[in-house]
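Now for the letters of each chain:
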Amino acid sequence: MQARPPSRHPITIPSGALASFLGITFVITWGLIGLYVMAPERAAATFGEISGSHPFFFLATWSPAIAAFVVVFLYSGPSGLRAFFSRLLMWRGSTGWAAFILLFVPLVFVAGSLIKGGPVLAPLPPEGIGPVVAVLFMMLFLGPIEEFGWRGVMQPLLQRHMAPIWAGLIIGATWGFWHLPAFFLAGVVFADWDFLPFFIGNITLAVLVTPIFNSARGSLLWPMLFHWQLNNPFWPDAQPWDTWILVVVAAVVVWWNRGAMFTRRGSVTEVVQSTPLVRRNDRAQAQHGQG
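Per chain, residues are indexed from 1 in the order of the written sequence. Restriction of local features to residues with pLDDT of at least 70 applies here, the model being predicted, together with a cutoff of 80 or more for giving and counting side-chain atom pairs; totals for whole chains, interfaces and linings are based on all residues. Hydrogens and water molecules were not included; the side-chain quantities draw on all heavy atoms of the structure.

Student: Honestly, the overall build of the protein chain in this entry has me stumped. Any pointers?
Tutor: A run of H or I in DSSP counts as a helix once it spans at least four residues, and a run of E counts as a strand once it spans at least two, with each numbered from the N terminus. If you tally the helices and strands in the protein chain, you get twelve helices and zero strands. Reading the protein chain from its N terminus to its C terminus gives the helix and strand order α-α-α-α-α-α-α-α-α-α-α-α. Exposure categories follow from relative accessible area, calculated using a 1.4 Å probe and restricted to protein chains: below 20% of the type maximum is buried, above 50% is exposed, and the middle band is partly exposed. Within the protein chain, buried positions represent 47% of all 291 residues. The contact definition used throughout considers only heavy atoms, calling two residues in contact when any of these lie within 4.5 Å. Summarising the internal contacts of the protein chain: among those between residues at least 6 apart in sequence, 81% fall at separations of at least 24. For the accessible areas, the method is Shrake-Rupley and the probe is 1.4 Å, while residue cover comes only from the protein chains on display. Split by element, the accessible area of the protein chain, about 14,200 Å² in all, is 70% carbon and sulfur.

In structure tokens form, the structure reads like this:
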């Protein structure tokens, strides 16, 4: 048997895997949260009162990542999953986008809060800064983990077939709709919010992170840092003004990057990108097939 030459291309996750990704994501989140929405007393008696620190809340939040890991493992195996994780370590990205994430996004919250007559920073609790720092690090392991799914799997698969602007809009709408059960759930922050501004905000944020993701060539680090900034407990409550400011910002960003947002040229389209680890695995498989 003649050996297959080592591949220098990424392991291709088929576009049809998007259906599996979305199915797993929604079944986990809507199933877990649905228990507390449809039968709150029985769910609380069996699993405990739901809250932002409940294990089910973490699992529901992590469902896009769980779905991403399952899909990548099924189609590319352990080596592909390791290559997928390596996208978290890709630091490449522009200085401008780094400044946008680290400096400009906090200013949006400050501006929104000042418009509504609020403080510059969120008030500290009586216990001091310690609990806020603890929440800050806890948030690092909540929302940002979603990016393994939304940007890690869904964005590349959609960008094979459409321009980034449309992929961002679809992901944002999906992201917002995915949150819907939480708005019927007592004991979590969503219960006090209005869904429509939140839904518009999700679409806006997904559009904003799209050029960041493509500019960084598929890095998951920068989208995760962007997501983390959105959940930073030090920033004041600026709703709904933060949403409306970000809508304007998103419009400017799309116009400024219109050459990349409305064409597929330069878009990231691979879930598992080519890495030395994947190439070594390909060579090992080729040598194993010699005979």
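Student: Sorry, what's going on with the packing of helix α1 (residues 17–38) against helix α6 (residues 147–159) here?
Tutor: A pair of packed helices can be characterised by two numbers: the angle between their axes and the separation between those axes. All axes are obtained by fitting lines to C-alpha atoms, using only the stretch in contact for helices, and the reported angles, taken between N-to-C directions, cover 0 to 180 degrees. Direction vectors running N to C along α1 and α6 enclose 150 degrees, while the axes themselves pass 10 Å from each other. Of the possible angle classes, the one that applies to α1 and α6 is roughly antiparallel. The handedness of the crossing between α1 and α6 is left-handed. Together, Ala-17, Leu-18, Phe-21, Leu-22 and Thr-25 of α1 and Gly-149, Trp-150, Val-153, Met-154, Leu-157 and Leu-158 of α6 make up the contact between the two elements. All amino acids are sorted into three groups, where Ala, Val, Leu, Ile, Met, Phe, Trp, Tyr, Cys and Pro are nonpolar, Asp, Glu, Lys and Arg are charged, and the leftover types, Gly among them, are polar. Of the residues that constitute the contact of α1 with α6, the class distribution is nine nonpolar, two polar and no charged. Here roughly perpendicular refers to angles of 65 to 115 degrees, roughly parallel to angles under 35, roughly antiparallel to angles over 145, and oblique to all remaining angles. Crossings are classed by handedness, with left-handed meaning an anticlockwise turn of the near helix from the far one by less than a right angle and right-handed meaning a clockwise turn.

Student: Whenever I open this one, the nonpolar core confuses me. Can you help?
Tutor: If you look at soluble globular proteins, the nonpolar side chains tend to sit buried side by side. Residues Phe-21, Phe-84, Phe-100, Val-153, Leu-208, Phe-226 and Val-271 are the most contacted members of the largest nonpolar core, which totals 52 residues. Only α1, α3 (55–85), α4 (95–115), α6, α7 (164–178), α8 (195–215), α9 (221–230) and α10 (241–256) provide two or more residues apiece to this core. Looking at which element gives the most residues to this core, the answer is α3, with eight residues. Throughout this description, the term nonpolar core refers to a set of buried Ala, Val, Leu, Ile, Met, Phe, Trp, Tyr and Cys residues connected via side-chain atoms within 4.5 Å. Grouped together as the second largest cluster of nonpolar side chains are 13 residues, Tyr-36, Ala-182, Phe-190 and Phe-198 included.

Student: Whenever I open this one, the confidence of the model for the protein chain confuses me. Can you help?
Tutor: Where the model shows low pLDDT, its predicted coordinates should not be examined in detail. Across the chain, each position has a pLDDT score giving the predictor's confidence in that residue, from 0 to 100. In this model, the protein chain carries a mean pLDDT of 88, and residues with pLDDT of at least 70 account for 88%. This model gives residues 1–9 a pLDDT under 50, and the stretch forms 15 contacts once residues within four places in sequence are excluded. The low-confidence segment residues 276–291 (pLDDT under 50) makes 23 contacts with residues lying over four places distant or belonging to another chain.

Student: Teacher, can you tell me more about the environment of Trp-150 here?
Tutor: If you trace the backbone, Trp-150 turns up in helix α6. Residues Trp-150 and Leu-22 lie 128 residues apart in sequence; the distance between their C-alpha atoms is 9.8 Å. The contacts of Trp-150, once residues within four sequence positions are left out, are Phe-21, Thr-25, Pro-64, Gln-155, Ile-171, Thr-174, Trp-175 and Trp-178. Side-chain polar atoms of Trp-150 contact the side chain of Glu-146, separated by 3.0 Å. By the criterion applied in these results, polar contacts are pairs of N or O atoms within 3.5 Å in which, for protein atoms, one can donate a hydrogen and the other can accept it, and in which residues neighboring in sequence qualify only through two side-chain atoms.

Student: Any chance you could explain the side chain of Ser-219 here in plain terms?
Tutor: One can find Ser-219 in the loop between α8 and α9. Only 2.6 Å separates the side chain of Ser-219 from the backbone oxygen of Met-90, close enough to count as a polar contact. Those residues in contact with Ser-219 that sit more than four places away from it in its chain are Arg-87, Met-90, Arg-92 and Phe-213.

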